[in-house]
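The lines below spell out each chain.
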Amino acid sequence: QVQLVESGGGLVQPGGSLRLSCAASGSVVSIDVMGWYRQAPGKQREVVAVIFSSGNTNYADSVKGRFTISRDNAKNTVYLQMNSLKPEDTAVYYCNMRLRKSGSWSFGEYWGKGTLVTVSS
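Described below are features of the structure shown in this document. (Residues numbered from 1 in each chain as written. Predicted model: local features only at pLDDT ≥ 70, side-chain atom pairs only at ≥ 80, totals over all residues. Heavy atoms only, no water.)

The next thing to look at is the overall build of the chain. Along the chain, the regular secondary structure elements total zero helices and eleven strands. Put simply, the chain runs from its N terminus to its C terminus through helices and strands in the order β-β-β-β-β-β-β-β-β-β-β. By the compact-globule yardstick of 14 Å for 121 residues, the chain fits well, its C-alpha radius of gyration being 14 Å. Here the C-alpha coordinates of the chain stretch approximately 50 × 25 × 25 Å along the principal axes. (Helix = DSSP H or I, 4+ residues; strand = E, 2+ residues; numbered from the N terminus. Rg over C-alpha atoms; globule rule 2.2 N^0.38 Å.)

In structure tokens form, the structure reads like this:
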């Protein structure tokens, strides 16, 4: 059984910073892509940032220059450093990983349950 658990969400004032973490637990053998998505009230889920096993990254235009994604392969963990937060960044943030678990020959996609980020004064 593989689980992704996010942490680090909360309430922050505009211009502030937060750091999200997501750790995969269970019988994980290999992780390919790690990413962060978000869903604001009344909107569809959208990609925020992804990081590949090569270390290459992609960001949504709305967060470029403000957010940084990173990974620690030894800990099966992905991070999202969010700076200069804006009210429009308010959303539930979800962790996503494409990984292979013990006993499986193929990669599967896994999601965390989400962590709420609220940017408000």
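Next comes the rest of the account.
Under the definition given, this model contains one aromatic pair. Judged by centre distance (5.0 Å) and plane angle (65 degrees), the rings of Tyr37 and Trp111 are edge-to-face. In this pair, Tyr37 sits in strand β4 (residues 28–39) while Trp111 sits in strand β10 (residues 108–111), placing the two residues 74 residues apart along the sequence. Taking the relative accessible area as the measure of exposure, Trp111 reaches 35% and is therefore partly exposed. (Phe/Tyr/Trp six-rings, centres within 6.5 Å; stacked < 30°, edge-to-face > 60°. Buried < 20%, exposed > 50% of the residue type's maximum accessible area, 1.4 Å probe, protein only.)

With that settled, consider unusual backbone geometry. Here the phi dihedral of Asn76 falls at roughly 50 degrees; this positive angle occurs in a residue that is not glycine. Within the secondary structure layout, Asn76 lies in the loop between β7 (67–72) and β8 (77–82). Unlike most non-glycine residues, Ser84 shows phi in positive territory, near 50 degrees. Topologically, Ser84 is positioned in the loop between β8 and β9 (91–101).

As a further point, take the state of the cysteines. Tallying each qualifying case throughout the model produces one disulfide. Two residues share a disulfide in this structure: Cys22 and Cys95, whose sulfurs sit 2.1 Å from each other. Negative torsions about the S-S bond denote left-handed disulfides, and the value of about -80 degrees found for Cys22 with Cys95 makes this one left-handed. Separated by 73 residues along the polypeptide, Cys22 in strand β3 (residues 18–25) and Cys95 in strand β9 bring together distant segments of the chain. (Disulfide = S-S within 2.5 Å.)

Once that is clear, we can look at the side chain of Arg71. You can see Arg71 is positioned in strand β7. Here Arg71 is buried and forms no salt bridge, its nearest opposite-charge partner Asp32 lying at an N-O distance of 6.0 Å. At 2.8 Å, the side chain of Arg71 and the backbone oxygen of Asp32 are in polar contact. For Arg71, the side chain forms a polar contact with the main-chain oxygen of Ile51, separated by 3.3 Å. (Lys, Arg positive; Asp, Glu negative; His and termini not counted. Salt bridge = Lys/Arg side-chain N within 4 Å of Asp/Glu carboxyl O. Polar contact = N/O pair within 3.5 Å; in protein donor to acceptor, adjacent residues only side chain to side chain.)

Turning to the environment of Ser106, a few remarks are in order. Note that Ser106 resides in the loop between β9 and β10. When the C-alpha positions of Ser106 and Thr68 are compared, they lie 29 Å apart, and in sequence the two are 38 residues distant. Excluding anything up to four places from it in sequence, Ser106 contacts Leu99 and Arg100. (Contact = heavy atoms within 4.5 Å.)

Attention shifts here to the nonpolar core. Counting 30 residues, the largest nonpolar core has Trp36, Val78, Leu80, Met82, Tyr93 and Met97 as the members making the most contacts within it. Of all the elements in the fold, those that place two or more residues in this core are β3, β4, β5 (46–51), β7, β8, β9 and β11 (115–119). Of the residues forming this core, the biggest block, five residues, is contributed by β9. If we skip the residues at most four places from it in the chain, Tyr93 touches Glu6, Leu20, Trp36, Tyr37, Arg38, Val48, Phe67, Leu80, Met82, Gly114, Thr115 and Val117. (Core = buried A, V, L, I, M, F, W, Y, C linked by side-chain atoms within 4.5 Å.)

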